[in-house]
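# Coordinates in review
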Amino acid sequence: MTDPGGRRSAVVRPRRPADLDACVAALALVHEHSGYPVDWPERPAAWLTPAALLAGWTAELDGRVVGHVALCAAEEGDPAAALWNERPGRPAPAVVSRLFVSPAARGHGIGAALLERAVEGARSRGMHPVLDVVAADPAAAFYERLGWHGLGAVVQQWGPARSVLLNCYAAPPPDRPAAN
């Protein structure tokens with residue numbers, strides 16, 4: 001399937017348990033190419049299915065799983081959710097996480113499509129999507145290009161001897177469409 005610009009288009013759908021092996025394979029390619037996640041998880045399939053998971057989606061291109069995103073309930077220690085909650089009267093946050101697209105599948109709008117699906121999933125639950133990204137990760141420009149706004153930066157301890165700077169973002173308000 002191609003879009004009006006002649007690019008192949010991806011299908012974004014709810015993630016099924018049978019997708020996990022393909023998601024782990026795509027994640028391994030992303031880790032090798034882009035360094036995400038920063039630390040390779042001991043159990044990658046479990047990492048893709050955190051306890052707070054509300055929903056997950058995969059993207060397929062030419063019948064192959066090439067991307068993934070998860071939507072999670074906010075938990076204690078989620079920096080973007082904490083910054084979002086600093087102002088009263090806001091809807092509860094939902095945390096967008098585990099977003100990745102296989103390097104060979106980039107340039108087809110798959111990341112934006114996955115992110116849009118997660119935003120829709122959060123809003124359908126009456127929640128507002130937030131996320132954090134390692135400050136050194138170039139993905140921050142992707143979120144900003146799509147209209148996400150910065151909530152602030154937080155230093156988080158990742159183990160006993162490592163601090164990491166995270167930039168936290170919130171999705172544009174529902175009455176303001178995201179940029180393309």
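Calculation rules
- Residues numbered from 1 in each chain as written.
- Predicted model: local features only at pLDDT ≥ 70, side-chain atom pairs only at ≥ 80, totals over all residues.
- Heavy atoms only, no water.
- Salt bridge = Lys/Arg side-chain N within 4 Å of Asp/Glu carboxyl O.
- Buried < 20%, exposed > 50% of the residue type's maximum accessible area, 1.4 Å probe, protein only.
- Helix = DSSP H or I, 4+ residues; strand = E, 2+ residues; numbered from the N terminus.
- Core = buried A, V, L, I, M, F, W, Y, C linked by side-chain atoms within 4.5 Å.
- Phe/Tyr/Trp six-rings, centres within 6.5 Å; stacked < 30°, edge-to-face > 60°.
- 1 Å grid on protein atoms, 1.4 Å probe; cavity = no way out; pocket = protein on both sides within 12 Å on 5 of 7 lines; lining within 4 Å.
- Points joined across faces, edges and corners; volume = space filled by probe spheres on them.
- Nonpolar A, V, L, I, M, F, W, Y, C, P; charged D, E, K, R; others polar.
- Expected span 1.5 Å × (residues − 1).
- Arc of directions from axis to C-beta.

Further remarks concern the pattern of salt bridges. Tallied over the entire structure, the rule returns four salt bridges. R13 is paired through a salt bridge with D19; the nearest N and O atoms lie 2.7 Å apart. In this structure, R13 and D19 share a single accessibility class: buried. Close ionic contact of R117 with E120 constitutes a salt bridge, the shortest N to O distance being 3.7 Å. One end of the pair is R117 and the other is E120, both in helix α4 (residues 110–124) and three residues apart, which spans about a single turn. Each of R13, D19 and E60 takes part in a single network of salt bridges with overlapping partners.

It is worth spelling out the nonpolar core at this point. By size, the foremost hydrophobic cluster in this structure holds 29 residues, and its most contacted members are W57, V96, I110, L114, L115, Y143 and W148. In terms of residue count, α4 provides more of this core than any other element does, six residues in total. Residues C23, V24, L27 and L48 belong to the second largest nonpolar core, which totals ten residues.

Enumeration according to the criterion identifies four aromatic pairs in this entry. Ring centres 5.2 Å apart and planes at 65° place the aromatic pair F142 and Y143 in the edge-to-face group. We note that F142, like Y143, is buried. Taking 6.2 Å as the distance between ring centres and 40° as the angle between the ring planes, the aromatic pair formed by Y143 and Y169 counts as tilted.

Over the atoms a probe the size of a water molecule is rolled, and this reveals where empty space is left. When its volume is computed, the largest pocket comes out at roughly 1300 Å³. Every residue lining the largest pocket is counted, 45 residues in all, and those nearest its centre are Y36, R98, L99, D132 and Y143. Contributions of two or more residues to the lining of the largest pocket are made by α1 (20–34), β3 (64–73), β4 (93–101), α4, β5 (128–134) and α5 (139–145). Looking at the lining of the largest pocket, the element that brings in the most residues is β4, giving seven residues. In the lining of the largest pocket, the residues fall into 27 nonpolar, nine polar and nine charged.

Looking now at α1. Look at α1: 20 Å from first C-alpha to last across 15 residues, which is about the 21 Å you get at 1.5 Å a residue. For α1, the full list of buried residues reads L20, C23, V24, A26, L27 and V30. Considered in projection along α1, the buried side chains sweep an arc of 165° and stay on one side of the axis. In α1, the exposed positions that point more than 90 degrees away from the buried face belong to D21, E32 and H33. Residue G35 follows α1 closely and has a positive phi angle near 75°.

By themselves these figures say nothing about function.
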